[in-house]
Amino acid sequence: MGMAESGILTVAGLVPLLLRTLEEGRNAVVLCALTHPVPERVGARILVVGEEIWGSFLDPTADAAARNLAREALAGPGAVSASRTLPLREGGEMDVFLELHHPQPEMVIVGAGHVAQPLCTLGSLLGLRIRVLDDRPLFATAERFPEAEEVRKVDFSDAFAGLALHPWSHVVLVTRGHRYDFECLRQVLLRDTLPGYIGMIGSRRRVRATFQALLEEGVPREALRRIHAPIGLDIRGETPAEIAVAVAAEVVHHWRGGTARPLSETEAVLDRLLPDGG
């Protein structure tokens, strides 16, 4: 992204930097001055991306406090956008609004077969940006995946070339063959930044063989624990649509938590709230 810049950062200067950051799959914090003893500095912004910083409040004490605040927010999983107060060099304080920005959550469907089509529709309904990857020109078409933002023909030996995966990426491996799923999973695990969700279709035997091969290659067992395989919640799905529902449900469960059990069982309204003879 280049060197960080000091000085007043305008909205016109901020927007392209922020958009490029998110496209690269990186998190960012923007701090905007809500109050300042110098009226002309109200609205000044600072953008922090990792160790890179753009903009300034033209006050070294406030700038240093802003950098520390932004880095704490980037490091803390529970951080939220909110107003904050910063000290000024000559005494007094200024109010800023801290905004957290992260890449849009996405689903990367590797394989463009029968399960991929309903999964693309469901993922889009969940608000995910959809990318579909396959090595077959007849399958990797926009006509088959109208909800997808991108349908890309790839070589499975380097399926994710030029694609930035990040903690808000959900990689779903549903290719036509075990060897392709294995190779793509291996590529994902070798990346510096792992996706937030990794799922792979396959039988218990195929998943066992995959894990065994990866362990023999030196992949840590803890990394394998992150993989959802066989993919999906156990609803005994058989058709492509039913399997896609099971996968989509697991993705939601990954976000939201919960028991993944029927609510009628967990709530037990009849027996718990209307006991016999009560």
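One can find the structure itself at the top, above this paragraph.
Residue positions are given per chain, counting from 1 as you read along its sequence in written order. Two thresholds apply to this predicted model, a pLDDT of at least 70 for residue-level local features and 80 or more for giving and counting side-chain atom pairs, whereas whole-chain, interface and lining totals are computed over all residues. As a convention, hydrogens and water are excluded, and side-chain values are obtained from all of the structure's heavy atoms.

Asker: Please provide a residue-by-residue account of unusual backbone geometry, values included.
Answerer: The omega angle of the peptide bond from Ala229 to Pro230 is -5°, so this bond is cis rather than trans. Runs of H or I in DSSP of at least four residues are treated as helices and runs of E of at least two as strands, each being numbered from the N terminus. One can find Pro230 in the loop between β11 (227–228) and α7 (240–256). Despite not being glycine, Leu58 has its phi angle at roughly 60°, a positive value. Considering the arrangement of structural elements, one finds Leu58 in the loop between β3 (52–54) and α2 (60–75). Since its relative accessible area comes to 41%, Leu58 is described here as partly exposed. With a phi close to 60°, Arg236 is a non-glycine residue in the positive phi region. Mapped onto the secondary structure, Arg236 falls in the loop between β11 and α7. For every residue, the accessible area (1.4 Å probe, protein chains only) is compared with the maximum for its type, and the residue is labelled buried under 20%, exposed over 50%, or partly exposed between those bounds. We classify Arg236 as exposed; its relative accessible area is 65%.

Asker: Which residues make up the packing of aromatic side chains, and what are the values?
Answerer: Whether two aromatic rings pair depends on their centres lying within 6.5 Å, for rings of Phe, Tyr and Trp, where Trp uses its six-membered ring; planes under 30 degrees apart make the pair stacked, over 60 edge-to-face, and the rest tilted. Counting across every chain of the model gives one aromatic pair. Ring geometry for Phe156 against Tyr180: centres 5.1 Å apart, planes inclined by 45°, an arrangement best described as tilted. Of this pair, Phe156 sits in the loop between β8 (150–153) and β9 (169–173) while Tyr180 sits in helix α4 (residues 178–189), and the two are 24 residues apart along the sequence. Residue Phe156 shares its accessibility class with Tyr180, and that shared class is buried.

Asker: Describe the sheet that holds strand β4 (residues 82–87), naming the residues involved and giving the relevant values.
Answerer: Should DSSP find at least two bridges between two strands, the strands are taken to pair. Overall, antiparallel pairing links the five strands, which are arranged β3-β2-β1-β5-β4 in an open sheet. Strand pairing shows two members of the sheet lacking a second neighbour, β3 and β4, which therefore form its edges. When strand polarity is set aside, the average angle formed by the axes of neighbouring strands in this sheet is 25°. Of the strand pairs in this sheet, β4 and strand β5 (residues 93–101) are connected by six bridges, and their pairing is antiparallel. Each axis is a line fitted through C-alpha atoms, taken for helices only over the stretch in contact, and angles between the N-to-C directions span 0 to 180 degrees.

Asker: Please give an account of helix α3 (residues 116–125) that cites residues and values.
Answerer: Within α3, the full set of buried residues consists of Ala116, Leu119, Cys120 and Gly123. Down the axis of α3, the sector holding all buried residues measures 105°, keeping them to one side. Tucked inside the fold, the buried residues of α3 contact β6 (106–110), β7 (129–134), β9 and α7. Directly beyond the C-terminal end of α3, a positive phi value near 90° is found at Gly127. What the arc measures is the spread of directions leading from the helix axis to the C-beta atoms. Here a residue-residue contact requires only that any non-hydrogen atoms of the pair lie within 4.5 Å.

Asker: Give a detailed account of the environment of Arg204, specifying residues and quantitative values.
Answerer: You can see Arg204 is positioned in helix α5 (residues 204–216). Classification of Arg204 as exposed rests on a relative accessible area of 75%. For the pair formed by Arg204 and Ala260, sequence separation is 56 residues and the distance between their alpha carbons is 21 Å.

Asker: For the layout of surface pockets, give the residues involved together with the corresponding values.
Answerer: Space inside and on the surface of the protein is sampled on a 1 Å grid over the protein atoms alone, with a cavity defined as a set of points where a 1.4 Å probe fits but cannot get out and a pocket as an open set with protein on both sides within 12 Å along at least 5 of 7 lines; lining residues have an atom within 4 Å of a point. Grid points are joined across faces, edges and corners, and a volume is the space filled by probe spheres set on the points. In this structure, the largest pocket spans a volume of roughly 430 Å³. The wall of the largest pocket is formed by 18 residues, among which Asn27, Leu74, His101, His102 and Trp168 lie closest to the centre. Of all elements in the fold, only α2 and β5 reach the threshold of two or more residues within the lining of the largest pocket. Here the nonpolar group is Ala, Val, Leu, Ile, Met, Phe, Trp, Tyr, Cys and Pro; Asp, Glu, Lys and Arg are the charged ones; every other residue, Gly included, is treated as polar. Looking at side-chain class alone, the lining of the largest pocket contains 10 nonpolar, seven polar and one charged residues. Taken as a whole, the second largest pocket holds about 250 Å³ of empty space. The residue inventory of the lining of the second largest pocket, partitioned by class, reads seven nonpolar, three polar and two charged.

Asker: Account for the sheet that holds strand β10 (residues 197–200), naming residues and giving values.
Answerer: Pairing in this open sheet of six strands is parallel, and the strands run β8-β7-β6-β9-β10-β11 from one edge to the other. Strands with a single pairing partner mark the edges of an open sheet, and in this sheet they are β8 and β11. Pairing analysis gives four bridges linking β7 to β8, with the strands arranged parallel. Within β8, the residue paired with Arg131 across the bridge is Glu150. The strands touched by α4 within the sheet are β6, β9, β10 and β11, with β10 carrying the most contacts at an inclination of about 165°.

Asker: So what's going on with the side chain of Thr210? Residues and values would help.
Answerer: Here Thr210 lies in helix α5. With relative accessibility at 0%, the residue Thr210 sits in the buried group. Among residues more than four places away in sequence, those in contact with Thr210 are His178, Phe182, Leu185 and Met200.

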